[in-house]
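Fold and geometry: a report
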Amino acid sequence: MSAYDLHTHTIHSDGTLTPAELVARAHANGVKVLALTDHDVTDGLTEARAAAGALGMRFIPGVEISVTWERQTLHVVGLNIDPNDAILQQGLSRLRESRMQRAQEIGAKLQKKNIADAFVYTRALAGGRVVSRTHFARFLVMQGYVTSMAQAFKDYLGRGRVAHVSGQWARLDEAVAWIRSAVGIAVIAHPARYRLTSGKMRRLLDEFRACGGGAIEVATASQPASETEHLSRLATNFGLMVSAGSDYHGPEKPWVDLGKLPVLAPGLIPVWSTLGAN
Ligand code: AMP
Ligand code: MN
Ligand code: MN
Ligand code: MN
């Protein structure tokens, strides 16, 4: 178990625990430094900070920003952000409007497949908070259209599937600028998940560094050691710091847990070393 977990979610986006429940579980798992990084929203940070403080844990306020880069969706985590920054909050609220628009479009596509009222149900499932594809997947499972979350993405919601809608997210440089306006560190989340060619990965890291990006997430849940090593080499070559986060969404995926992460090789510069948190 790692003492650091800098990528997690709660009910404020597509996780299933409340911020206080997340913090309690992280504490029980031996995490000492925790970041909450909900998708495009910072509403859980106040509760999480208070809960972490009560347990003597170091809390790092964060966010995971949706980005469109070269017609593909990427995620950029912002760590140690000031959630009161107006530029960051304006950007995030624009993304949440895009999410609502996209949700209506997903609902319309599902309607064409004779799946009625998906938008209304899914919005209700999200309880007035951020609406994500995860909520659509839960709706499809609950109504018996599919038998698992994975199947919901495979049959309907994933890239290239019948109810996929790309979404209009932030540009890479915008997301980094919002994070830097909020005096945070920008981190490319789970880089291996985008399946970029090595040339495209280098282009991404070049652009990211040029616009002020700070780190790449080299350790994420259930990642083979070879991938962690590969990403660590890229971080070194591009002069970027490294981060580690489980991308925990809740106990429904028992193979992912808070603090359950690959070990980082020596010689890398972890983001927490610049946050006075090591
Ligand atoms: P969104 O940001 O609304 O497009 O939703 C993306 C979220 O869906 C990710 O953050 C994951 O939590 C979840 N997700 C993406 N692909 C899958 C999958 N194949 N199975 C389960 N969850 C997924
Ligand atoms: Mn998610
Ligand atoms: Mn992500
Ligand atoms: Mn995430």
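Structure: above.
Structural notes, computed from the coordinates. (Residues numbered from 1 in each chain as written. Chains lettered and ligands numbered in written order. Predicted model: local features only at pLDDT ≥ 70, side-chain atom pairs only at ≥ 80, totals over all residues. Heavy atoms only, no water.)

**What about the overall build of the protein chain?**
The condition is simple: Secondary structure is summarised from DSSP: a helix means a run of H or I of at least four residues, a strand means a run of E of at least two, and numbering begins at the N terminus for each. Only C-alpha atoms enter the radius of gyration; for comparison, a globular chain is expected to reach 2.2 Å times N to the power 0.38, where N is the number of residues. A 1.4 Å probe rolled over the protein chains alone gives each residue an accessible area, and that area as a share of the maximum for its type sets the label: buried under 20%, exposed over 50%, partly exposed in between. We call two residues in contact whenever any of their non-hydrogen atoms come within 4.5 Å of each other. In this description, accessible areas are obtained by the Shrake-Rupley approach with a 1.4 Å probe, and a residue is regarded as covered only by the protein chains that are shown.
Along its length, the protein chain carries 9 helices and 7 strands. For 278 residues, the compact-globule estimate of 2.2 N^0.38 gives 19 Å, and the protein chain sits close to it at 18 Å. Along the first, second and third principal axes, the C-alpha atoms of the protein chain reach 55 × 45 × 40 Å. Here the protein chain holds 278 residues, and 54% of them are scored as buried. Across the protein chain, every contact between residues at least 6 apart in sequence was considered, and the portion connecting residues at least 24 apart equals 73%. Of the roughly 12,400 Å² that the protein chain leaves accessible, carbon and sulfur atoms contribute 51%.

**Description of the site of ligand 1**
The line we're drawing: When we say a residue is near a molecule or strand, we mean one of its heavy atoms is within 4 Å of it. Counted as a polar contact is a pair of N or O atoms within 3.5 Å, where, for protein atoms, one must be capable of donating a hydrogen and the other of accepting one, and residues adjacent in sequence contribute only when both atoms are in side chains.
Inspection of the region around ligand 1 gives Asp14, His39, Arg99, Arg102, Ser132, Arg133, Thr134, Phe153 and His249 as its neighbouring residues. One of the side-chain N or O atoms of His249 is found 3.0 Å from an oxygen atom in ligand 1. Considering ligand 1 on its own, with 500 Å² of exposed area, one finds that the protein chains cover 77% of that surface. Mapped onto the shell around ligand 1, the elements with two or more residues apiece are α3 (86-112) and α5 (133-142).

**With respect to the coordination of the manganese ion (ligand 4)**
What counts, and what does not: Donor atoms (N, O, S) are those found within 2.8 Å of the metal centre, with the cutoff raised to 3.2 Å for Na, K and Ca; water is not part of the atom list, so apparent gaps in a site can occur.
Listed as protein donors to the manganese ion (ligand 4) are His7 (NE2), His9 (NE2), Glu64 (OE) and Asp247 (OD); their distances from the metal cover 2.1 to 2.2 Å. Sequence positions of the donors to the manganese ion (ligand 4) reduce to the motif H-x1-H-x54-E-x182-D. Separating the manganese ion (ligand 4) from the manganese ion (ligand 2) is a gap of 4.6 Å. Note that His9 is positioned in the loop between β1 (4-5) and α1 (19-28) and Asp247 in the segment after β7 (241-244), a separation of 238 residues in sequence. Summarising the burial analysis for this pair, His9 and Asp247 share the class buried.

**Remarks on helix α8 (residues 198-210)**
As a reminder of what qualifies: Between the first and last residue of a helix there are one fewer steps than residues, each counted as 1.5 Å, and that sum is the expected span. The arc in question is the one traced by the directions running from the helix axis out to the C-beta atoms.
Over its 13 residues, α8 extends 18 Å from the first C-alpha to the last, a length consistent with the 18 Å expected when each residue adds 1.5 Å. Listing the buried residues of α8 in full gives Lys200, Met201, Leu204, Leu205 and Phe208. Axial view of α8: buried residues confined to an arc of 135 degrees, hence all on one face. Just downstream of α8, Gly212 is the residue with a positive phi angle, here 105 degrees.

**Here we look at the side chain of Asp38**
Quick reminder of the rule: Positive: Lys, Arg. Negative: Asp, Glu. His and the chain ends are not part of the count. In the sections that follow, a salt bridge refers to a side-chain nitrogen of Lys or Arg positioned within 4 Å of a carboxyl oxygen of Asp or Glu.
Topologically, Asp38 is positioned in the loop between β2 (33-36) and α2 (45-54). Of the buried charged residues, Asp38 lacks a salt bridge, with Arg129 as the closest side chain of opposite charge at 8.4 Å. A distance of 2.5 Å separates a polar atom in the side chain of Asp38 from a polar atom in the side chain of Ser13. Once residues within four sequence positions are removed from consideration, Asp38 is found in contact with Thr8, His9, Thr10, His12, Ser13, Val63 and Glu64.

**Focus on the packing of α8 against helix α9 (residues 225-238)**
As a reminder, the rule being used: Helix axes are fitted only over the stretch in contact, all axes being lines through C-alpha atoms; the angle between N-to-C directions runs from 0 to 180 degrees. Angle categories: roughly parallel below 35 degrees, roughly antiparallel above 145, roughly perpendicular from 65 to 115, and oblique for all the rest. By definition, turning the near helix anticlockwise from the far helix through less than a right angle yields a left-handed crossing, and turning it clockwise yields a right-handed one. Amino acids outside the nonpolar list (Ala, Val, Leu, Ile, Met, Phe, Trp, Tyr, Cys, Pro) and the charged list (Asp, Glu, Lys, Arg) are all regarded as polar, and Gly is one of them.
Closest axis-to-axis distance for the α8/α9 pair is 11 Å, and the angle between their directions is 45 degrees. The orientation of α8 with respect to α9, classified from their angle, is oblique. In this structure, α8 crosses over α9, and the sense of that crossing is right-handed. Contacts between α8 and α9 involve Met201, Arg202, Leu205, Asp206 and Arg209 from the first element and Leu231, Leu234 and Phe238 from the second. By residue class, the composition of the contact of α8 with α9 is 5 nonpolar, no polar and 3 charged.

**Regarding the coordination of the manganese ion (ligand 2)**
Taken together, the protein donors to the manganese ion (ligand 2) comprise Asp14 (OD), His39 (NE2) and His249 (NE2), at separations of 2.1 to 2.2 Å. Along the chain, the residues that donate to the manganese ion (ligand 2) are spaced as D-x24-H-x209-H. Between the manganese ion (ligand 2) and the manganese ion (ligand 3), a separation of 5.5 Å is found. Placement of Asp14 in the loop between β1 and α1 and of His249 in the segment after β7 is noted, with a sequence separation of 235 residues between them. Of the residues examined, Asp14 reaches a relative accessible area of 5% and is grouped as buried.

**Focus on helix α4 (residues 118-125)**
If you check which residues of α4 are buried, you get Ala118, Phe119 and Thr122. Taken down its axis, α4 places every buried residue within 90 degrees of arc, on the same side. The elements touched by buried residues of α4 are α3 and α5. Looking one or two residues past α4, Gly127 carries a phi angle of roughly 60 degrees, positive in sign.

**Some details on the packing of aromatic side chains**
Heads up, the rule is: Aromatic rings from Phe, Tyr and Trp, with only the six-membered ring used for Trp, were paired whenever their centres fell within 6.5 Å, and each pair was classed as stacked if the ring planes differed by under 30 degrees, edge-to-face if by over 60, and tilted otherwise.
Evaluation of the coordinates by the stated rule reveals 3 aromatic pairs. Taking 3.8 Å as the distance between ring centres and 10 degrees as the angle between the ring planes, the aromatic pair formed by Tyr4 and Trp272 counts as stacked. Of this pair, Tyr4 sits in strand β1 while Trp272 sits in the segment after β7, and the two are 268 residues apart along the sequence. Judged by its relative accessible area of 8%, Trp272 is buried. Relative to Phe139, the ring of Tyr121 has its centre 5.6 Å away and its plane inclined at 40 degrees; by these criteria the two rings are tilted. Taken together, the residues span a long stretch of sequence, with Tyr121 in helix α4 and Phe139 in helix α5 at a distance of 18 residues. In this structure Tyr121 comes out as partly exposed when scored by relative accessible area, which is 43%. Pairwise contacts between aromatic rings join Tyr121, Phe139 and Tyr145 into one cluster.

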